[in-house]
Amino acid sequence: VGETPQLDRYFAQRVQRMTVSEIRALFTVASRPEIISLAGGMPAVEALPLAEIADLTSRVIRDHGAKALQYGSGQGDPRLRELICDVMAAEGITGSPENIVVTFGSQQALQLLALTCLDPGDVVLTEGPSYVGALGVFAAAQAEVTHVAIDADGVIPAALREALDQAAVAGRRVKFFYTVPNFQNPTGVTLSEPRRDALLELADEYDFIILEDNPYGLLGFDGGPLRAIRARDSDRVVYFGSFSKTFAAGVRTGWALAPAPLCEKLILANEASVLSHSLLNQMVVTAYLEYHPWQEQLRQFQSLYRTRRDATLSALEKAAVSGLTWTRPGGGFYVWATLPEGLDSKHLMTAALAEKVAYVPGVGFYADGMGQRELRLSYCYATPERIQEGIQRLSGVITRARNNDVSSSLSAIL
Ligand SMILES: Cc1ncc(COP(=O)(O)O)c(C=O)c1O
């Protein structure tokens, strides 16, 4: 009998940078029913009319089963790509079905893009903090992520210019600026109109591509959506969309809209990856867009999430924890909070779980170990009552930790 081989000797170099995300490790505990989870970004799919979705799905199989149960194309079903253009038109985008590739969620589209464009050592600039799933993709591609500071209006153009200058001085190639412009994951912040234009000017000046990842754009609570960055420029922007939050995450259907030469490569990469996206899922999404009043459904989602956002903000205001600050999102799923000075959101998690409430510590949303005082609260999943109870518990945990801190430093003085 030979010795058991040490398998990590066979791992590729890029795998060494793949580590379990903070979020994944947390989910096991946070998903216990007794815990009020403000951690996961799970959409409220229970708000969908499930009997109607069941009818749509069985209609797809009954009437078009021979197609739906067959292999599809690497680019995605043509009818769905047409309908995706209608969805994007709501944010001012005129795209052609020819330039769309349909993927297993926008997560896979990000991965195909990284596979197609990133060489080890390429620099990707992102908001700080940024979407954890994108950070994972960039890490696997062995790219270097540099975070750029944001405020309540999204990324700060002067800070972006500074990061670009620094990369140029260091002789590094910046290929992309990755942004979630609407109701960002994890902060809930939206990139303002003037900054969208400023971003495009910088992209021209410094010659980089903008990756516009927009799963939440149609989930705004006040007024219509802002014009997408892609609506302002079709050559310098790759746009990522998803049906996960506007319909159902379980259909795992997203897309990329990219300039023709890039789109061709993405299709080839998709074929190499999965041959074709599930035609059954694509046809269910198509039926949903064709036969279900999806815009009315969107309004219902908006209203449901607005109620939960309001519950979150009013609970935070009521608790009035001294030194705690938070963002006020105009849509989407997330509030981003900053703890009083001296507290660490990862350390605090043990006490929070003991009080049966969960959130995501901020460090997971940075590639450089920042975010110790920050945390993400998701209001998409829990009911308003559970949210209020959860925030009350969390406020107690923070207040106690803060007071302990004060008394221990006081005792050090006495
Ligand atoms: C900013 C952002 N991009 C992409 C995704 C992945 O979405 P999908 O379900 O389409 O893969 C998410 C999911 O939470 C997200 O928040």
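This text gives an overview of the structure that appears in the document.

Rules behind the numbers
- Residues numbered from 1 in each chain as written.
- Predicted model: local features only at pLDDT ≥ 70, side-chain atom pairs only at ≥ 80, totals over all residues.
- Heavy atoms only, no water.
- Helix = DSSP H or I, 4+ residues; strand = E, 2+ residues; numbered from the N terminus.
- Buried < 20%, exposed > 50% of the residue type's maximum accessible area, 1.4 Å probe, protein only.
- Contact = heavy atoms within 4.5 Å.
- Polar contact = N/O pair within 3.5 Å; in protein donor to acceptor, adjacent residues only side chain to side chain.
- Pairing = 2+ DSSP bridges.
- Axes fitted to C-alpha atoms, helices over the stretch in contact; angles between N-to-C directions.
- Right-handed = clockwise from strand over helix to strand, strands pointing away.

## Digging into the environment of Ser242
By secondary structure assignment, the location of Ser242 is in strand 8 (residues 237–242). Judged by relative accessible area, which is 6%, Ser242 ranks as buried. Distance in space between the C-alpha atoms of Ser242 and Leu191 is 19 Å, their sequence separation being 51 residues. Those residues in contact with Ser242, other than ones at most four positions away along the chain, are Ser106, Pro215, Thr253, Gly254 and Trp255.

## Thoughts on the side chain of Gln75
Positionally, Gln75 belongs in the loop between helix 2 (50–68) and helix 3 (78–89). Residue classification places Gln75 among the buried residues on the basis of a relative accessible area of 14%. Within the structure, the side chain of Gln75 is placed 2.8 Å from the backbone oxygen of Glu98, a separation counted as a polar contact. Beyond its immediate stretch of four places on either side in the chain, Gln75 contacts Arg81, Pro97, Glu98, Asn99, Ile100, Val101, Val102, Cys263 and Ile267.

## Quick word on unusual backbone geometry
Of note, the bond from Gly128 into Pro129 is cis; its omega dihedral lies within 30 degrees of zero at 5°. Within the secondary structure, Pro129 is located in the loop between strand 3 (123–128) and helix 5 (132–140). Residues Asn185 and Pro186 are joined by a peptide bond in cis, for which omega reads 20°. Within the secondary structure layout, Pro186 lies in the loop between strand 6 (174–179) and helix 7 (193–206). The residue Leu275 is not glycine, and still its phi comes out positive at about 65°. One can find Leu275 in the loop between helix 9 (260–274) and helix 10 (279–291). Even without being glycine, Ala320 reaches a positive phi, approximately 45°.

## Quick word on the sheet that holds strand 7 (residues 209–213)
In spatial order, the strands read 2-9-8-7-6-3-4-5; together these eight strands make up an open sheet with mixed pairing. The open sheet has two free edges, formed respectively by strand 2 (100–104) and strand 5 (154–155), since each of these has just one partner strand. By the bridge criterion, six bridges tie strand 3 to strand 4 (residues 144–151) in an arrangement that is parallel. Along strand 4, the bridge assignment pairs Glu127 with Val148. Helix-sheet contacts for helix 6 (residues 157–169) involve strand 3, strand 4, strand 5 and strand 6, and the interaxial angle to strand 4 is about 160°.

## Details of the pairing of strand 7
Most of strand 7 sits inside the fold, with four of its five residues counted as buried. Bridge count for strand 6 against strand 7 is four bridges, and the pairing is parallel. Residue pairing for strand 7: Thr179 is matched across the bridge by Glu212. Of the crossover connections in this fold, the one passing from strand 6 over helix 7 to the parallel strand 7 is right-handed.

Any link to function would need more than the numbers given here.
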